[in-house]
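A structural walkthrough
What follows is the residue order along each chain.
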Amino acid sequence: QVQLVESGGGLVQAGDSLRLDCSHSGRTFTSYTMGWFRQGPGKDYEFLAGVSRDGLNTRYADSVKGRFTISRDNAKNMVYLEMTSLTPEDTAVYFCTASSSQVAIPTEVRLYAYWGQGTQVTVSS
């Protein structure tokens, strides 16, 4: 079983930066592509970023490209999401996810079998 625990959310002002951390435990960390999703109020889950098993390849949604950076530390079983230039539209619950799919860095919710409990990010104007 895989367990994912996010941390680092909170209340920030527009223009601020924030880093989300996610710890992975259970099965071998490098068996999984890791991703970040978010769900805003009244919205569906939105893929934000993904990182390959070896950490060498990444993929971003257009909405966050250039502002968010995903990375992983396979020695520490950690994945990170660095967020900059935050706006109120970034307000959401952010989820760390893990996929064992053979699809290279999938964007579909259904291909991520494991999810953390989520961490709230609120950006005030």
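Look up: the structure comes first, before these words.
A few points on the structure. All of these numbers come straight from a predicted model, not from anything done at the bench. (Residues numbered from 1 in each chain as written. Predicted model: local features only at pLDDT ≥ 70, side-chain atom pairs only at ≥ 80, totals over all residues. Heavy atoms only, no water.)

**Quick word on the sheet that holds strand S8 (residues 78-83)**
Spatial strand order, S1-S3-S8-S7: 4 strands in an open sheet with antiparallel pairing. Looking along the sheet, the strands with just one partner apiece sit at the ends: strand S1 (3-7) and strand S7 (68-73). Averaged over all neighbouring strand pairs, the angle between strand axes comes to 15°, with direction disregarded. (Pairing = 2+ DSSP bridges. Helix = DSSP H or I, 4+ residues; strand = E, 2+ residues; numbered from the N terminus. Axes fitted to C-alpha atoms, helices over the stretch in contact; angles between N-to-C directions.)

**Some thoughts on the pattern of salt bridges**
For the structure shown, the criterion picks out 5 salt bridges. Here Asp90 makes a salt bridge to Arg67, at a shortest N to O gap of 2.8 Å. One end of the pair, Asp90, is in the loop between S8 and strand S9 (92-99); the other, Arg67, is in the loop between strand S6 (58-60) and S7, and 23 residues separate them in sequence. Exposure remark for Arg67: the relative accessible area of 18% places this residue in the buried category. Residues joined by salt bridges that share partners form a network here, namely Arg38, Glu46, Arg67 and Asp90. (Salt bridge = Lys/Arg side-chain N within 4 Å of Asp/Glu carboxyl O. Buried < 20%, exposed > 50% of the residue type's maximum accessible area, 1.4 Å probe, protein only.)

**A few points about the packing of aromatic side chains**
Both the distance between ring centres and the angle between the ring planes are used here to describe each pair of aromatic rings. Scanning all chains against the criterion turns up 7 aromatic pairs. Ring geometry for Phe37 and Phe47: centres 5.5 Å apart, planes at 75°, overall edge-to-face. Taken together, the residues Phe37 in strand S4 (residues 33-39) and Phe47 in strand S5 (residues 45-51) connect sequence positions 10 residues apart. Side by side, Phe37 and Phe47 carry an identical accessibility label, which is buried. Taken together, the aromatic side chains of Phe37, Tyr45, Phe47, Phe95, Tyr112 and Trp115 make up a single cluster linked through ring pairs. Just above the ring of Phe29 sits the side chain of Arg72; from NZ or CZ to the centre is 4.2 Å. (Phe/Tyr/Trp six-rings, centres within 6.5 Å; stacked < 30°, edge-to-face > 60°. Lys NZ or Arg CZ within 6 Å of the ring centre and 35° of its normal.)

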